[in-house]
Amino acid sequence: MTNRHVPQRLAILISGAGSTMRAVLDAAQADEHYGAQPVVVISDKPDAAGLAIAASAGVPTEVVNVADFPDREAWNQALAATIARYEPDLVLCAGFMRILGAPVLEVFGGRIINTHPALLPSFPGAHAVRDAIAHGVKVTGCTVMMVDAGVDTGPIIAQAVVEVRDNDTQDSLHDRIKAVERDLVATTVGRMAREGWTINGRRVELGGRD
């Protein structure tokens with residue numbers, strides 16, 4: 001069992017502004033006992049604003065652009081190889097807008113984390129906030145889960161609730177969800193790094209690291 005005092009190496013995948021990534025970087029820099037050490041930020045888009053944020057924080061960056069490869073399989077293989085060079089213990093999809101294929105899942109399965117702006121299994125997919133409002137729910141929220149071969153189908157690690165207000169628009173609700181989501185992701189990554197985790201079927205249990 002890995003010693004809890006050794007920081008766990010964390011690779012972060014992004015596609016855009018990197019606000020969730022920044023929350024994790026800030027948490028790691030603010031607390032020497034956070035447990036996770038970001039070792040690389042990888043984007044599928046060369047113009048992702050989060051790359052500059054990562055570089056300014058002293059974290060190495062990489063770009064694996066889908067347009068540079070003949071097909072999605074080749075891209076997935078290149079992404080897996082790029083992640084592997086940094087030997088991460090955890091991989092975080094922080095606003096990464098691509099579905100990870102078999103080459104990545106075969107190497108890093110069971111240690112890839114993603115986040116979703118709804119309380120899964122409700123409202124999976126790309127329009128979770130819109131769908132929550134359309135269904136008239138009174139609460140929604142965000143989910144941190146393990147990544148598997150499906151879309152938003154992996155075992156759930158943590159969730160947080162956000163109230164849906166009568167006057168909410170999709171943008172106003174999404175903004176409140178994102179604020180909660182950033183904190184939940186940063187907290188969950190730190191706990192997993194410090195405490196370890198076990199996947200038992202659909203359940204993810206934190207703890208057990210010596």
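A short tour of the structure in this document, coming up. (Residues numbered from 1 in each chain as written. Predicted model: local features only at pLDDT ≥ 70, side-chain atom pairs only at ≥ 80, totals over all residues. Heavy atoms only, no water.)

Right, let's talk about helix H6 (residues 170–195) for a bit. Between the first and last C-alpha of H6 there are 36 Å, a value that for 26 residues agrees with the 38 Å anticipated at 1.5 Å per step. Burial in H6 covers these residues: Leu173, Arg176, Ile177, Glu181, Leu184, Val185, Ala186, Thr188, Val189, Gly190, Met192 and Ala193. Two residues or fewer past H6, glycine 196 is found with a positive phi of approximately 80°. (Helix = DSSP H or I, 4+ residues; strand = E, 2+ residues; numbered from the N terminus. Expected span 1.5 Å × (residues − 1). Buried < 20%, exposed > 50% of the residue type's maximum accessible area, 1.4 Å probe, protein only.)

Picture a little ball the size of a water molecule; that probe, rolled over the atoms, points out where space is still empty. Volume-wise, the largest pocket comes out at about 980 Å³. Lining the largest pocket are 40 residues, and of these Gly95, Phe96, Met97, Asn114 and Thr115 sit closest to its centre. Every element with two or more residues in the lining of the largest pocket is listed here: helix H1 (19–30), strand E5 (112–116), helix H5 (128–134), strand E6 (139–146) and H6. With 5 residues, the single largest contributor to the lining of the largest pocket is H6. The class makeup of the residues in the lining of the largest pocket is 17 nonpolar, 16 polar and 7 charged. (1 Å grid on protein atoms, 1.4 Å probe; cavity = no way out; pocket = protein on both sides within 12 Å on 5 of 7 lines; lining within 4 Å. Points joined across faces, edges and corners; volume = space filled by probe spheres on them. Nonpolar A, V, L, I, M, F, W, Y, C, P; charged D, E, K, R; others polar.)

This brings us to the pattern of salt bridges. For the coordinates displayed, the defined rule picks out 6 salt bridges. Residue aspartate 44 is joined to arginine 98 by a salt bridge in which the shortest nitrogen-to-oxygen separation is 2.8 Å. Remark: arginine 98 occurs in the loop between strand E4 (90–93) and helix H4 (102–108) and aspartate 44 occurs in the loop between strand E2 (36–43) and helix H2 (50–56); sequence separation between them is 54 residues. Given the relative accessible area of 1%, aspartate 44 is considered buried. The salt bridge partner of arginine 191 is glutamate 195, with a shortest N-O separation of 3.0 Å. (Salt bridge = Lys/Arg side-chain N within 4 Å of Asp/Glu carboxyl O.)

Mapping valine 104 onto the fold places it in helix H4. With 27 residues separating them in the primary sequence, valine 104 and glutamine 77 have C-alpha atoms 7.1 Å apart. With residues near it in sequence (within four places) discarded, valine 104 still touches Asn76, Leu79, Ala80, Ile83, Gly109 and Ile112. (Contact = heavy atoms within 4.5 Å.)

Our next topic: the nonpolar core. If you look at the biggest cluster of nonpolar residues, it comprises 39 residues, and the most contacted ones within it are Ile12, Met21 and Leu92. The set of elements that each furnish at least two residues to this core consists of strand E1 (8–14), H1, E2, H2, E4, E6, strand E7 (156–163) and H6. Counting 22 residues, the second-largest nonpolar core is a separate cluster that includes Ile42, Val66, Ile83 and Phe96. (Core = buried A, V, L, I, M, F, W, Y, C linked by side-chain atoms within 4.5 Å.)

Another point: the packing of H1 against H6. Two quantities define a packed helix pair, namely the angle between the helix axes and the distance between the axes. It is at 9 Å that the axes of H1 and H6 come closest, and there the two elements cross at 45°. Comparing the axis directions of H1 and H6 gives the class oblique. The crossing of H1 and H6 is right-handed. Residues Ser19, Thr20, Ala23, Val24 and Ala27 of H1 lie in contact with H6, whose contacting residues are Arg182, Val185 and Ala186. Residues that form the contact of H1 with H6 fall into these classes: 5 nonpolar, 2 polar and 1 charged. (Axes fitted to C-alpha atoms, helices over the stretch in contact; angles between N-to-C directions. Parallel < 35°, antiparallel > 145°, perpendicular 65-115°, else oblique. Left-handed = near helix turned anticlockwise from the far one by under 90°.)

We now examine the packing of aromatic side chains. A complete count under the given rule lists 1 aromatic pair for this structure. Both rings, one in tryptophan 75 and one in phenylalanine 96, keep their centres 6.3 Å apart while their planes meet at 15°; by these two values the pair is stacked. With tryptophan 75 in helix H3 (residues 72–85) and phenylalanine 96 in the loop between E4 and H4, this pair connects stretches of sequence that are 21 residues apart. Its relative accessible area of 6% is what places phenylalanine 96 among the buried residues. When the ring centre of tryptophan 75 is taken as reference, the NZ or CZ atom of arginine 72 above it lies at 5.7 Å. (Phe/Tyr/Trp six-rings, centres within 6.5 Å; stacked < 30°, edge-to-face > 60°. Lys NZ or Arg CZ within 6 Å of the ring centre and 35° of its normal.)

None of this, on its own, says anything about what the molecule does.
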